[in-house]
Amino acid sequence: MTRQNSTAELDKAAHLHPYTNARKLEAVGPRVMAEGDGIFVRDEQGNEYIEGLAGLWSVAVGFNQKRLVDAAAEQMAKLPYYHVFAQKTHGPAARLADKLVELTPEHLTKVFFTNSGSEANDTVIKLIWFLNNALGRPEKKKFIARTGGYHGITVASGSLTGLPWNHASFDLPAIPVRHVTTPHAYFFAEEGESEEAFAQRLADEIEATILEEGPETVAAFIGEPLIGAGGVLVPPAGYWQKVQAVCHKYDVLLIADEVITGFGRTGKMFASDTFGITPDIMVLSKQITSSYQPLAAIMMTDAIYQAIADHSERLGTLGHGFTGTGHPVATAVGLENIAIIEEQDLVGNAAAMGKVLQSELARFADHPLVGEIRGVGLIAAVQLVADKSSRTRFDPEGKVGAFFFERAHDHGLIIRNIKDAIAFCPPLIITEEQVCEMVARFGKTLEDTL
Ligand code: PLP
């Protein structure tokens, strides 16, 4: 047997990749990424790309922030690992918990840490089941989520996710969940329907779903304030106020999944502020550490905490947690990352650069392939369509978007195509000149796609 030793060969021979067509990877081989610098990453051959999606919507501070390296190294040298089970804690977990309680809306007073957004949403499901058992309403266990929403890929969080490719052949959903209509007017509003009327129709659908299931059986509604991985879908005006009112009416908890939107992405610290949402639970990850370390956080109200705490006493413990929950290195990096976001006013930069991004993209509004340009702050998408006037999509596989994704590399740009929607979510440190350059590279790719 010949030993394969280039990174690409080793990888091809031994590695099953997530979110990848395995046969295509075998045929073309992986692109080996080697280093990062600000908003740029370079592959092994030295080709440089603007990382227009900040990795996976997550690297707020850029790809070579030494302060995070130092924070990790210092914590590694001091106490590389300890857990937070059974009356133990450590400095970074305690300090980050305190910081998150300070930063998030005032009514969110406690935090539970996990390693990923999927685990966080899994944990949310379990905590809500635990809570409703504690409150003596064991039948109140169902969830409502949206088609097009993304909440992770574990058995339970993947069940909340409303994207067909996450369900196909995985036998999901595996927990009681109903998916309601995607809040995206461009494709789902009826002809002549105002945004307000569309929002009302969606809220009515949620109310009807709760009534159909029985309000005594519906525990929670989960949504991303602005859907990210499902295509950067900005909800219609008034949507969240109406959804919130329905949830309150039927004592249904409201979960804001801010895994992508948290820590400044929409130009405010949290998208719940941007959209006027008062969630009972807020889920955070990604930009919490700029993904230099895996970490997620679940913020909850005092009422939720108190009921869980009482129940843990009755049962003798809260029987849930991960070896890595509140990991000292991850939480130390999180603290430093948030300090940078605050010191450099990256939330303000996201608001300012977001305006530049949205207006630069708006220049493509008349392009024959461009159906809709949407976004808030430093997250945006350009919807490519086969027919502009009828809003007809290309083929269901999104082959045009996939072609665009590949060709963008030739122009030194990494973006994400969600079917035929081209998504942008650059690091929050991006400058005006860099936003313009990123959009210029998008324009060149669009020319190739025509
Ligand atoms: N929730 C949202 C809104 C996400 O965008 C993601 C990931 O993209 C997740 C949850 C899952 O997070 P993870 O990939 O860390 O499990």
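Note that the structure is predicted; figures quoted are calculated from it, not measured.

**Focus: the overall build of the chain**
Each helix and strand counted, the chain has 17 helices and 15 strands in total. For the chain, the C-alpha radius of gyration of 22 Å lies close to 22 Å, the compact-globule estimate for 450 residues. With respect to the principal axes defined by its C-alpha atoms, the chain has extents near 65 × 60 × 50 Å. Residue burial in the chain is summarised as follows: out of 450 residues, 48% are buried. When contacts within the chain are restricted to residue pairs at least 6 apart in sequence, those whose partners lie at least 24 apart make up 71%.

**Describing the sheet that holds strand β2 (residues 40-43)**
If you trace the four strands from one edge of the open sheet to the other, you get β1-β2-β3-β13, paired in mixed fashion. A strand with exactly one partner marks an edge of an open sheet, and here the two such strands are β1 (33-37) and β13 (413-414). Bridge analysis of strand β3 (residues 48-51) against β13 gives two bridges, and the strand direction is parallel. The residue bridging Ile50 from the neighbouring strand is Leu413, located in β13.

**Points about the environment of Arg137**
As for its position among the elements, Arg137 is in the loop between α6 (117-134) and β5 (142-146). The class of Arg137 is partly exposed, set by 14 C-beta atoms lying within 10 Å. Taking the C-alpha atoms as reference points, Arg137 and Ala189, separated by 52 residues in sequence, lie 37 Å from one another.

**Structural notes on the domain arrangement of the chain**
For the chain, the assigned domains read domain 1 (31-61 + 345-449) and domain 2 (68-343). For domain 1 versus domain 2, the separation of C-alpha centres amounts to 26 Å. Contacts between domain 1 and domain 2 engage 28 residues on the former and 26 residues on the latter. Residues that form the side of domain 1 that touches domain 2 fall into these classes: 18 nonpolar, seven polar and three charged.

**Quick notes on unusual backbone geometry**
With an omega of 5 degrees, the peptide bond running from Leu172 to Pro173 counts as cis. Looking at the secondary structure, you find Pro173 in the loop between α8 (164-167) and β6 (177-180). Here Ser169, not a glycine, exhibits a phi torsion of approximately 65 degrees, which is positive. Position of Ser169 among the secondary structure elements: in the loop between α8 and β6.

**Regarding the environment of Ile125**
Structurally, Ile125 can be placed in helix α6. Look at Ile125 and you get buried, because 24 C-beta atoms sit within 10 Å. Discounting chain neighbours no more than four positions away, the residues touching Ile125 are Ala156 and Ile175.

**Quick look at the nonpolar core**
Phe221, Ile255, Val283, Ile298 and Met299 are the most contacted members of the largest nonpolar core, which has 131 residues in total. Look past the residues within four positions of Ile255 in its chain and what remains in contact with it is Val124, Ala220, Phe221, Ile222, Pro279, Asp280, Ile281 and Val283.

**Thoughts on the site of the ligand**
In the region of the ligand, 14 residues are neighbours, and Ser116, Gly117, Ser118, Gly152 and Val259 sit closest. Here the element with the most residues in the shell around the ligand is α6; it accounts for three residues. Looking at the shell around the ligand residue by residue, the class counts come to four nonpolar, eight polar and two charged.

**A short note on helix α5 (residues 91-103)**
Taking 1.5 Å as the rise per residue, α5 with 13 residues should run 18 Å; its terminal C-alpha atoms sit 18 Å apart, in good agreement. Listing the buried residues of α5 in full gives Pro92, Ala93, Leu96, Ala97 and Leu100. All buried residues of α5 project into a common sector of 130 degrees when viewed along the axis, lining one side. Within α5, the exposed residues directed more than 90 degrees away from the buried face are Asp98 and Glu102.

**Considering the sheet that holds strand β12 (residues 379-384)**
Taken in spatial order, the four strands make up an open sheet running β11-β12-β15-β14, and their pairing is antiparallel. Edge strands, defined here as strands with exactly one partner in the open sheet, are β11 (370-376) and β14 (416-418). Going across the sheet, the axis of each strand differs from the next one's by a mean of 20 degrees, ignoring polarity. Pairing of β12 with strand β15 (residues 421-424) involves four bridges; the strand directions are antiparallel. Counterpart to Ala381 in the pairing with β15 is Ala423. Packed on one face of the sheet, helix α16 (residues 399-410) meets β12, β14 and β15 and runs near 180 degrees to β14.

**A closer look at the packing of α16 against helix α17 (residues 432-449)**
Between α16 and α17, the shortest axis-to-axis distance is 9 Å and the interhelical angle comes to 130 degrees. Here α16 is positioned oblique relative to α17, judged by the angle of their axes. Classified by chirality, the crossing of α17 by α16 is right-handed. Counting all contacts with α16, which are made through Val400, Phe403, Phe404, Arg407 and Ala408, the residues of α17 involved are Thr445, Asp448 and Thr449. Counted by class, the contact of α16 with α17 contains four nonpolar, two polar and two charged residues.

**A look at the pairing of strand β9 (residues 281-284)**
A two-sided burial pattern is seen for β9, the buried positions comprising Ile281 and Val283 on one face and Met282 and Leu284 on the other. Sheet topology note: the strand β8 (residues 253-257)/β9 ladder contains three bridges and is parallel. Looking across to β9, one finds that Ala256 is bridged to Met282. Inspection of the sheet shows β9 paired to strand β10 (residues 296-301) by four bridges, in the antiparallel sense. Within the sheet, the bridge partner assigned to Ile281 lies in β10 and is Met300.

**Describing the pairing of β11**
Side-chain positions along a regular strand alternate between the two faces of the sheet. Bridge analysis of β11 against β12 gives six bridges, and the strand direction is antiparallel. The partner of Ile373 across the bridge, within β12, is Val382.

Calculation criteria
- Residues numbered from 1 in each chain as written.
- Predicted model: local features only at pLDDT ≥ 70, side-chain atom pairs only at ≥ 80, totals over all residues.
- Helix = DSSP H or I, 4+ residues; strand = E, 2+ residues; numbered from the N terminus.
- Rg over C-alpha atoms; globule rule 2.2 N^0.38 Å.
- Buried ≥ 20, exposed ≤ 12 C-beta atoms within 10 Å, placed from the backbone.
- Contact = placed C-beta atoms within 7 Å.
- Pairing = 2+ DSSP bridges.
- Domains from an automatic or database assignment.
- Nonpolar A, V, L, I, M, F, W, Y, C, P; charged D, E, K, R; others polar.
- Core = buried A, V, L, I, M, F, W, Y, C linked by C-beta atoms within 7 Å.
- Near = placed C-beta within 6 Å.
- Expected span 1.5 Å × (residues − 1).
- Arc of directions from axis to C-beta.
- Axes fitted to C-alpha atoms, helices over the stretch in contact; angles between N-to-C directions.
- Parallel < 35°, antiparallel > 145°, perpendicular 65-115°, else oblique.
- Left-handed = near helix turned anticlockwise from the far one by under 90°.

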